[in-house]
Amino acid sequence: MTKPITNEEKLIHAGIVLAKKQGLVFTVRQLCAKSKVNLGLFHYYFQSKDNFDKVLLRTVYNQMLAQMTLHVADTATPRENVEKILLGFHAFVRENRMFFSSLLGNCLSGNKKLLQFVTQNFTQHLSLISHELKRASLTERAQGQPLPGILALLAWPVVMPHILMGLLERLGTNAFPLQNVLLTQTLENEKQFCARLQIVLDGIFGENA
């Protein structure tokens, strides 16, 4: 017998739906209307929008980790596992790009509490990749780079294109017509993304890894 969804779960699910479209800028009243849960129950479960945002962020992050680690295996090579982690990361960020672009904007706009929460809690995916890098035989060039630099090099082609696409979508499709067409044709092309990823992986692990 299926367990009925609780009002707390309804609020979180509705929050994820809203966040995928508009980031974290939705109001509590919008959330309650979307979830069909009354305002009193929202305050009973979460007390404030800030507390709710933290629960929502943890939920989204856990979903991302599950997608990143879905095909990781102890029997695979470090390069194979890193590639699978990044492909899962890519798929999740692409699906949630409006959310991530809004989250980045909130952090960069001076929301110190949110930035501190993210930097303190969104670290497990970095540990996953770091573990694979430490057991790999890296190229000579990669060996001379500090670990944070390699992590940034791996994350940049995955995250930033979709953050940029999310920003353009938030601004509206007519904000920068030419740029929007170019970005859609290049950054949304799955084959081109995989080709760019292989270039980065070749530079770190070697072409025959």
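Described in the following lines is the structure provided in the data block. (Residues numbered from 1 in each chain as written. Predicted model: local features only at pLDDT ≥ 70, side-chain atom pairs only at ≥ 80, totals over all residues. Heavy atoms only, no water.)

**Focus on the nonpolar core**
Generally speaking, a soluble globular protein has its nonpolar side chains buried in company with each other.
Thought 1: In this structure, F52, L86, L103, L133, L154 and I204 are the most contacted members of the largest nonpolar core, which totals 53 residues.
Thought 2: With eight residues, the single largest contributor to this core is helix α4 (residues 49–68).
Thought 3: Other than its neighbours up to four places away in sequence, I204 contacts L133, L138, T139, A142, I150, L153 and L154. (Core = buried A, V, L, I, M, F, W, Y, C linked by side-chain atoms within 4.5 Å. Buried < 20%, exposed > 50% of the residue type's maximum accessible area, 1.4 Å probe, protein only. Helix = DSSP H or I, 4+ residues; strand = E, 2+ residues; numbered from the N terminus. Contact = heavy atoms within 4.5 Å.)

**Topic: the pattern of salt bridges**
Thought 1: Applying the stated rule across the entire model yields four salt bridges.
Thought 2: Note that K20 is salt-bridged to E95, the shortest N-O span being 3.3 Å. Here E95 lies in helix α5 (residues 78–95) and K20 lies in helix α1 (residues 7–22), a separation of 75 residues in the sequence. (Salt bridge = Lys/Arg side-chain N within 4 Å of Asp/Glu carboxyl O.)

**Here we look at a nonpolar patch on the surface**
Thought 1: Residues L164, L167 and L171 make up a contiguous nonpolar surface patch of roughly 250 Å² in combined accessible area.
Thought 2: Looking at where L164 falls in the secondary structure, it is placed in helix α10 (residues 147–171).
Thought 3: The class of L164 is partly exposed, set by a relative accessible area of 38%. (Patch = residues over 30% accessible without salt bridge, like charges linked within 9 Å, V, L, I, M, F, W, Y side chains within 5 Å. Areas by Shrake-Rupley, 256 points an atom, 1.4 Å probe, with all protein chains shown as cover.)

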